[in-house]
Amino acid sequence: MKPVIALAASLICVSAALSAPVDAHPVADDPATAHFLANEAVLIEAGETKILFDPLFTNSYNTYPLIPAEMKAAMMAGEAPFDGVDAVFVSHVHGDHFDAEEMNAYLARHDTVILVAPHQARLEMQSAAGWSDAFDARLRIMPFVSEAQALSLADGAIEVSAVHIPHAGGPGRAHIQNMAYRVTLNDAATVMHLGDATPDMPAYDAHAGHFAERRTDRAFPPYWLISRWGGDTVRARLNAEDITGIHTPIRLPIEVTASREDFFTQSGETRGIHPHSDDD
Ligand SMILES: [Zn+2]
């Protein structure tokens with residue numbers, strides 16, 4: 001998003017290293033690991049099952065980090081850890097989340113990858129360089145509807161439930177279809193990516209049933225949800241065990257640096273994803 005909430009970002013620039021909670025770091029028996037690329041780009045790796053969220057974008061709006069060139073080259077080439085990606089998820093079509101031409105190039109190069117994206121993404125791809133009608137067979141396009149949408153990919157190794165949560169920033173961005181994806185990998189680890197979801201509570205109340213129906217092991221909300229609501233409310237609202245804030249600006253705002261909650265701020269950071277037992 002163009003920052004309406006990141007105003008504080010311009011007031012302070014802190015280079016303090018943020019430390020993740022002790023149990024956030026990956027360990028060998030985690031069913032899945034999250035790798036942070038930049039902005040809202042995250043790779044989730046669960047053994048042979050791999051998905052990418054908002055991985056291809058080219059606009060920083062002079063505010064948000066871009067993916068380092070070597071990392072993007074590895075992703076485009078399908079080199080580890082970006083080998084064997086099953087599906088790419090796009091939250092919405094803003095330039096700090098999505099680039100239609102790059103997505104066309106990626107799909108052309110990786111001819112088994114499925115793309116899950118809002119209808120607006122397909123429209124942009126179709127009019128961008130590199131589009132092929134053959135891509136349609138691999139697109140799972142989310143219509144702009146209010147009810148939850150379910151998808152099963154990779155022979156059931158990837159189970160998706162998606163809802164539209166309006167983009168932050170109010171009526172001026174209401175025309176942007178912003179999808180919040182809850183994805184379960186290998187029936188073992190569940191993550192949630194919300195794009196640039198609004199902090200307006202009624203949008204979540206409308207989907208209370210969706211959030212209640214399955215526990216998320218680690219959600220990746222935009223950092224402003226955490227700074228507006230507080231971590232406990234985010235966890236409760238999303239029905240998430242753990243949360244790691246994303247979309248952190250280059251100049252970290254004080255509400256991030258002063259927070260005790262967890263955020264992805266540096267490309268290459270990782271977090272473990274694991275279900276908690278009732279007693280931890
Ligand atoms: Zn946006």
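Before any of the text, the structure's been laid out above.
Keep in mind that what you see is a predicted model, and the values were worked out from it rather than measured. (Residues numbered from 1 in each chain as written. Predicted model: local features only at pLDDT ≥ 70, side-chain atom pairs only at ≥ 80, totals over all residues. Heavy atoms only, no water.)

Peer 1: Residue-level account of the coordination of the zinc ion, with values.
Peer 2: The protein atoms donating to the zinc ion are His-92 (NE2), His-94 (ND1), His-167 (NE2) and Asp-196 (OD), with metal-donor distances spanning 2.1 to 2.3 Å. Counting residues between consecutive donors of the zinc ion along the chain gives the motif H-x1-H-x72-H-x28-D. Taken together, the residues His-92 in the loop between strand S4 (87–89) and helix H2 (100–109) and Asp-196 in the loop between strand S10 (189–193) and helix H4 (202–205) connect sequence positions 104 residues apart. Taken individually, His-92 and Asp-196 each receive the classification buried, so the pair is uniform in this respect. (Donors = N, O, S within 2.8 Å, 3.2 Å for Na, K, Ca; no water. Helix = DSSP H or I, 4+ residues; strand = E, 2+ residues; numbered from the N terminus. Buried < 20%, exposed > 50% of the residue type's maximum accessible area, 1.4 Å probe, protein only.)

Peer 1: Describe the sheet that holds strand S2 (residues 41–46), listing the residues and the values that go with them.
Peer 2: The strand order across the open sheet built from 7 strands is S6-S5-S4-S3-S2-S1-S13, with neighbouring strands paired in mixed fashion. Of all the strands in the sheet, just strand S6 (139–142) and strand S13 (270–273) have a single pairing partner and so form its edges. Mean inter-strand twist for the sheet, computed between neighbouring axes without regard to direction, equals 20°. Judged from the 5 bridges that link them, strand S1 (residues 32–38) and S2 form a sheet pairing that is antiparallel. Looking at the pairing, His-35 lines up with Leu-43 of S2. (Pairing = 2+ DSSP bridges. Axes fitted to C-alpha atoms, helices over the stretch in contact; angles between N-to-C directions.)

Peer 1: Explain the sheet that holds strand S8 (residues 158–164) residue by residue, including any values.
Peer 2: In sheet architecture, strand pairing relies on hydrogen bonds along the backbone and comes in two forms, parallel and antiparallel. Judged by pairing direction, the sheet is mixed, and its 6 strands sit side by side in the order S7-S8-S9-S10-S11-S12 without closing on themselves. With one partner strand each, in any of the chains shown, strand S7 (149–153) and strand S12 (240–243) form the two edges of the open sheet. Neighbour to neighbour, the strand axes of the sheet diverge by 25° on average, direction disregarded. As paired elements, strand S9 (residues 179–185) and S10 share 5 bridges and run antiparallel to each other. Bridging across to S10, Val-183 finds its partner in Val-191.

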